[in-house]
Amino acid sequence: MDKFEILDHTADVGLVAWGKSKEELFANAALGMFSLICDAEEVDGGFTTPVEVEGSDYEDLLVTWLNELLYLFEAEEVVLKQFTIQELGQYYLKAQVEGEPLNSQKHHIKRVVKACTYYEVKVEEVEPQLWRAQVYFDI
Amino acid sequence: MAEAWKGPLQKVDDWRWLIPRSYKKGMLTDGMIYASEKMISVIRKDQAPEQVANVACLPGIVGKSLAMPDIHWGYGFPIGGVAATEEKGGVISPGGVGFDINCGVRVIKTNLTEEEVKPHMEKLLSLLFSHIPSGVGSEGKLSFSIPELERVMEKGARYIISRGFGFGEDEENIEERGAMEGANPEAVSAKARERGKDQLGSLGSGNHFLELEVVERIFRPDLAEAFGLFPGQVIIMVHTGSRGLGHQVCTDYLQEMQKAMSRYGISVPDRQLACAPCNSPEGRGYFEAMACSANFAWANRQLITHWVREVFEQVFQKSAPALGMSILYDVAHNIAKWEEHEVEGKKMKLCVHRKGATRAFSAGNPTLPPHYRGVGQPVLIPGDMGTGSYILVGTELAMQETFGSTCHGAGRVMSRSEADRRSKGRDIAGELKERGILVRAESKATLREEIPEAYKDVGEVVEVVERAGISKKVVYARPLGVIKG
């Protein structure tokens, strides 16, 4: 099972993520999104913070979760690589995320991801213990 | 790759293609795409026409769901989409504006010719590149306190000019005179402020750029003269928006409207089209916060203008007024606005959403500054990196058919990953230099994603709006040098 796959889109970029559980799915979606921003090998530790988001269903929760991480990247200036989902219900997610303060000498930022959109967003259990999610980003 | 679109497109004439209301359930009106026959085969390659049909489902839509010839696959609205909704019963949709609120274009004129500028190009570009912050997460050189940021959100470019970054006459050459009414900083979240506050006065990355160009072809000499443009003249084009502030405002209100839609009994075919009634607390809140972001973007382009003038003053040892560095115009191409339009003989106040489309008001419009009222508004159409730009003027037909709107640029035809594959191993800056275009870029990856062949030919796009009669070509300007984020 691949953790994620990048989808072609004429103007923007899509992402499909996989997970054996929905917790793993949400963590892999975050990894996939950060792979668009910077190579994970360039990121060490040194920064950690809890993240909590609410949503109206799994799709809303996924979009809100990814947008919260984009906010951290831009406002707190951190690149993230480790996502531990501690609680995940239909309307609530709690996680601990880890990464490193942005260092322009060390981290080669590939592009700006402006936002995660709701366009064609999907979160589904395609078979027992196999979850799949799909989102598109505004680049 | 994307799935091709197989729905119905009825040819109205050589430049107009109709998606009939009967195409799918929920459409409240027809869709109309402005394009040539050749473009239509490309447009059908992805789901952009479906998005035109989806927009036709928005409650309170007035007229048709429109798409300009630079239409391409977006999310929610297509890029190049225009839709107007009525005040009562109509909705406002953050997806109809997009994340980069008031992404737009400004052109600064000079009285210098290509011959005069050519010898200084390397120096000019280096200085512009070092004076104007660009790139991913770029931060402005000035820091603004929270009260100052609030003034920026309320008063946009006017506040920045009052702080000494510009001339009094600048404001009348900006759409909305650089500050949209109805902006209320209280509607902007702490997160949005946090994301935007250090980015005022920065170009950003992606398709944003600053370009030095030379006016090469004049299509309508009388209009060119009215705009103060002449052959061989060097002009500067600035393309950027509201940066992180706008992105967060859109994110915040999309989430809020997801929740609000069921309360208002609204359902839409795509969640990214989340919307709320214009007069609901959510709809009003979004408009107030969007206006704040739009004003931030006009302030941003004003600060950049100030630094462009400073660089030219330093290189040419003359003052900006002596160099003729006035603003031709400044247009927004991602915005929603309250405008008055005549619909079936009746004047209506409408919320016009333009997502990758430019306002193109014709002669006689009372909202235009006096010096353009007799000829119509300059419409600034950037091409992709390296192909040059067009300056158009709005027409009466656009007022009747498109709520005074036209195209906004070239429009992508190639995904970023395909552009990346096709440019592998190529020296993009070197290729452009051979064509006489100097490039300074913060990131090589951006250059590769933005290769000229990733875009439609802006010339073809402009030809369609001219032939369809919704704009007229005034001049074409060829690029001399580009700064990319």
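For the structure, see preceding data.
A few points on the structure. Note that the structure is a prediction, hence the values are computed from the model and not measured.

So, the overall build of chain A
For chain A, the helix and strand inventory stands at two helices and eight strands. Taken from the N to the C terminus, the helices and strands of chain A come in the order β-β-α-β-α-β-β-β-β-β. By principal-axis analysis of the C-alpha atoms, chain A measures approximately 45 × 35 × 25 Å. Put simply, chain A has 139 residues, and 50% of those count as buried. Across chain A, the fraction of contacts at a sequence separation of at least 24, relative to all contacts at a separation of at least 6, is 63%.

Regarding the interface of chain A and chain B
The interface is formed by 27 residues belonging to chain A together with 40 residues belonging to chain B. Counting only elements with at least two residues in the side of chain A that touches chain B, the list comes to strand 1 (4–8), helix 2 (58–76) and strand 8 (130–138) of chain A. Among the elements that take part in the side of chain A that touches chain B, helix 2 of chain A stands out by supplying six residues, more than any other. Broken down by class, the residue content of the side of chain A that touches chain B amounts to 13 nonpolar, six polar and eight charged.

Here we look at the sheet that holds strand 5 (residues 92–101) of chain A
Residues and elements named next belong to chain A. One open sheet accounts for three strands, arranged 3-5-4; its pairing is antiparallel. Each edge of the sheet is formed by a strand with only one pairing partner; in this case those strands are strand 3 (47–54) and strand 4 (78–88). Between one strand axis and the next, the sheet turns by 25° as a mean value, whatever way the strands run. Two strands pair when backbone bridges link them, and strand 3 and strand 5 are joined in this way by eight bridges, in the antiparallel orientation. Bridge pairing in strand 5 links T48 to E98. Seen against the sheet, helix 1 (residues 22–37) touches strand 4 and strand 5 and runs at an angle of roughly 170° to strand 4.

What about helix 9 (residues 281–316) of chain B?
All names here are of chain B. For helix 9, spanning 36 residues, the distance from its first C-alpha to its last is 52 Å, which sits close to the expected 52 Å at 1.5 Å a residue. Most of helix 9 sits out of view: 27 of its 36 residues are buried. Directly beyond the C-terminal end of helix 9, a positive phi value near 55° is found at Q317.

Overview of the nonpolar core
Grouped together as the largest cluster of nonpolar side chains are 211 residues, with contacts concentrated most on A29, L62, L66 and V135 of chain A together with Y34 and M290 of chain B. When neighbours within four sequence positions are excluded, M290 of chain B is seen to be in contact with V97, I101, V249 and A336 of chain B.

With respect to the packing of helix 5 (residues 146–162) of chain B against helix 9 of chain B
Residues and elements named next belong to chain B. Direction vectors running N to C along helix 5 and helix 9 enclose 20°, while the axes themselves pass 7 Å from each other. One element, helix 5, and the other, helix 9, form an angle in the roughly parallel class. Considering the relative orientation of helix 5 and helix 9, their crossing is left-handed. Only C292, N295, F296, W298, A299, Q302 and L303 of helix 9 make contact with helix 5, whose side of the interface consists of V152, M153, E154, K155, G156, A157, Y159, I160 and I161. Of the residues contributing to the contact of helix 5 with helix 9, the split by class is 11 nonpolar, three polar and two charged.

Concerning helix 2 (residues 48–55) of chain B
Within helix 2 of chain B, eight of the eight residues are buried, leaving the element largely enclosed by the surrounding structure. Every buried residue of helix 2 of chain B is accounted for by A48, P49, E50, Q51, V52, A53, N54 and V55 of chain B.

A short note on the environment of A40 of chain A
Residue and element names in this part refer to chain A. In this structure, A40 sits in the loop between helix 1 and strand 3. Between the C-alpha atoms of A40 and H107, which are 67 residues apart in sequence, the distance is 9.3 Å. When near neighbours in sequence (up to four residues on either side) are disregarded, A40 contacts F34, S35 and K81.

Parameters and conventions
Residues numbered from 1 in each chain as written. Chains lettered and ligands numbered in written order. Predicted model: local features only at pLDDT ≥ 70, side-chain atom pairs only at ≥ 80, totals over all residues. Helix = DSSP H or I, 4+ residues; strand = E, 2+ residues; numbered from the N terminus. Buried ≥ 20, exposed ≤ 12 C-beta atoms within 10 Å, placed from the backbone. Contact = placed C-beta atoms within 7 Å. Nonpolar A, V, L, I, M, F, W, Y, C, P; charged D, E, K, R; others polar. Pairing = 2+ DSSP bridges. Axes fitted to C-alpha atoms, helices over the stretch in contact; angles between N-to-C directions. Expected span 1.5 Å × (residues − 1). Core = buried A, V, L, I, M, F, W, Y, C linked by C-beta atoms within 7 Å. Parallel < 35°, antiparallel > 145°, perpendicular 65-115°, else oblique. Left-handed = near helix turned anticlockwise from the far one by under 90°.

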